[in-house]
Amino acid sequence: MRPLLLLACLVGLLIPSLAGAVATAPVPTAQHRALAESVARMNDASPTDRVVKLMKAAELERESLFVLAGYDPILVEQLVDERTRGVVAYITDLPATELADLRAGNTVVRRAEGWGKLEWQHLIELATLAEIPKAKKLESVRIGVITGSNMRFELFGAKGNLAVIFAIAPTPVREERARDMLTKHFGARPEQISRGPGTRLPLEDSSFENEASIGGVWQLQPCVTRGGTIPEAQIALDTTERLDGRASIRFHSDVDTRYWPQLEQKISIAPGTSLVLRGHVKGHYLRRERDQERIFRLALVFEDIAGNPVGEPIEAPLQTGDMDWRQFVIKAHAPAEADYVKVVVASTISGTAWFDGLSLEIGY
Ligand SMILES: [Ca+2]
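Residues numbered from 1 in each chain as written. Predicted model: local features only at pLDDT ≥ 70, side-chain atom pairs only at ≥ 80, totals over all residues. Heavy atoms only, no water.

**Quick word on the overall build of the protein**
Per the secondary structure count, the protein includes 9 helices and 14 strands. In terms of principal-axis extent, the alpha carbons of the protein reach across some 85 × 70 × 35 Å. Relative to its full complement of 364 residues, the protein shows a buried share of 48%. Sequence-distant contacts in the protein: of pairs separated by 6 or more residues, those separated by 24 or more amount to 74%. With an accessible surface of roughly 17,700 Å², the protein has 54% of that area assigned to carbon and sulfur atoms. Mean positive and mean negative side-chain charge positions of the protein (42 and 47 charges, respectively) differ by 5 Å. (Helix = DSSP H or I, 4+ residues; strand = E, 2+ residues; numbered from the N terminus. Buried < 20%, exposed > 50% of the residue type's maximum accessible area, 1.4 Å probe, protein only. Contact = heavy atoms within 4.5 Å. Areas by Shrake-Rupley, 256 points an atom, 1.4 Å probe, with all protein chains shown as cover. Lys, Arg positive; Asp, Glu negative; His and termini not counted. Charge placed at Lys NZ, Arg CZ, Asp CG, Glu CD.)

Here it is as structure tokens:
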């Protein structure tokens with residue numbers, strides 16, 4: 001009896017775990033991969049671009065979503081959330097004129113009097129998910145870009161409201177959390193892309209989370225001087241204003257500032273590589289005054305093996321004045337003589353600028 005009992009125990013232990021793994025982990029085919037890649041390549045610089053990307057991704061099967069999660073875990077995390085998926089389904093079925101309005105960056109408001117049958121269906125489903133009582137008493141919907149970094153969907157009813165933030169931009173700390181969440185959801189960890197387009201390059205502390213990075217992995221190099229080295233512009237981690245993780249990097253200068261360093265991180269690349277640099281920027285009272293040089297940049301600078309600059313820096317067109325968090329995407333092709341790329345972050349004008357959630361990847 002003993003061997004039989006042992007066998008029964010082993011079978012009892014093994015079968016559920018094997019069955020669980022086989023039943024849940026997706027097994028993507030080449031076709032699934034190709035479909036995922038076509039969505040991964042879509043433009044996602046603005047919240048409206050990301051809505052279009054979400055709509056396309058919502059058509060994918062589970063296996064393709066699993067592959068897409070390797071490129072863009074935050075996008076897939078939004079789609080496995082029932083409320084966000086419901087919002088995306090609602091937007092997909094909006095009349096073409098409303099959809100065009102939304103894509104143009106405008107806010108769309110729709111009142112219950114104008115809702116069609118399908119629209120009611122979507123909204124009642126959403127109200128049910130949000131546990132809004134008396135879903136028949138819904139009144140209106142509002143969708144639009146509230147900040148430069150995401151979209152907000154709001155459903156108003158006599159008995160309750162629902163708000164969903166979506167079209168969220170990719171940022172490194174949040175991506176790590178999304179990967180953990182998706183590992184549970186799919187029953188296997190989405191494979192991070194490690195070859196070709198979509199591969200993340202090793203930009204250290206790209207979310208400015210660690211105090212030791214400033215002057216460490218992020219080197220402080222002279223940028224502009226006006227007759228001295230004091231007063232120096234303030235460059236420091238800021239835990240009160242951030243988009244990703246616990247902190248951002250803050251640059252502050254005023255009319256008396258005489259010396260401005262910049263932050264740089266240098267990465268070795270293969271000549272001719274296509275690159276995509278993403279970053280998020282916020283500004284407050286940014287303006288050029290006195291004899292300041294007008295530099296406010298997130299840029300890629302190429303260098304040859306000897307450290308000489310190659311070609312022109314490629315930079316995001318950042319606006320001065322006041323600006324809420326916005327994602328900037330820079331696409332560049334490394335010149336044939338370039339062995340290194342430097343990611344440069346700088347502000348040499350009065351006011352305060354914050355940068356957060358940078359990432360550098362191989363482009364298409
Ligand atoms: Ca951060």
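Once you've had a look at it, read on.
**Some words on the coordination of the calcium ion**
Summarising the metal site, the calcium ion is bound by the protein donors Ser207 (O), Ser207 (OG), Glu209 (OE), Asp244 (O), Ala247 (O), Asp356 (OD) and Asp356 (OD), whose distances to it range over 2.2 to 3.1 Å. In primary sequence terms, the donor set of the calcium ion follows S-x1-E-x34-D-x2-A-x108-D. Taken together, the residues aspartate 244 in the loop between strand 6 (234-238) and strand 7 (248-253) and aspartate 356 in strand 14 (residues 350-362) connect sequence positions 112 residues apart. Considered together, aspartate 244 and aspartate 356 belong to a single accessibility category, that of buried residues. (Donors = N, O, S within 2.8 Å, 3.2 Å for Na, K, Ca; no water.)

**Concerning the environment of histidine 280**
For histidine 280, the position within the fold is in strand 9 (residues 274-287). Histidine 280 sits 77 residues away from glycine 357 along the chain, and the two C-alpha atoms are 6.1 Å apart. Setting aside anything within four residues of it in sequence, one finds histidine 280 in contact with Ala169, Pro170, Thr171, Leu243, Trp325, Arg326, Gln327, Trp354, Phe355, Asp356, Gly357 and Leu358. Among the polar contacts made by the side chain of histidine 280, one reaches the main-chain carbonyl oxygen of proline 170 at a distance of 3.4 Å. (Polar contact = N/O pair within 3.5 Å; in protein donor to acceptor, adjacent residues only side chain to side chain.)

**Regarding the pattern of salt bridges**
Opposite charge on two side chains allows them to pair when their charged atoms are near. Per the stated rule, a full pass over the model turns up 26 salt bridges. Residues glutamate 176 and arginine 189 are paired through a salt bridge, measuring 3.3 Å at the closest nitrogen-oxygen approach. You can see glutamate 176 sitting in helix 9 (residues 172-186) and its partner arginine 189 sitting in the loop between helix 9 and strand 5 (219-225), a full 13 residues away along the chain. Taking the relative accessible area as the measure of exposure, glutamate 176 reaches 38% and is therefore partly exposed. On the basis of relative accessibility, which here comes to 39%, the residue arginine 189 falls in the partly exposed class. In this structure, glutamate 315 engages arginine 297 in a salt bridge whose closest nitrogen and oxygen atoms are separated by 2.7 Å. In this pair, glutamate 315 sits in strand 11 (residues 309-315) while arginine 297 sits in strand 10 (residues 296-303), placing the two residues 18 residues apart along the sequence. The class for glutamate 315 is partly exposed, based on a relative accessible area of 40%. Take arginine 297: its relative accessible area is 16%, and that puts it in the buried class. Within this structure, Asp44, Lys53, Asp72, Glu175, Glu176, Arg179, Asp180, Arg189, Arg200, Arg278 and Glu361 form a network of salt bridges that share partners. (Salt bridge = Lys/Arg side-chain N within 4 Å of Asp/Glu carboxyl O.)

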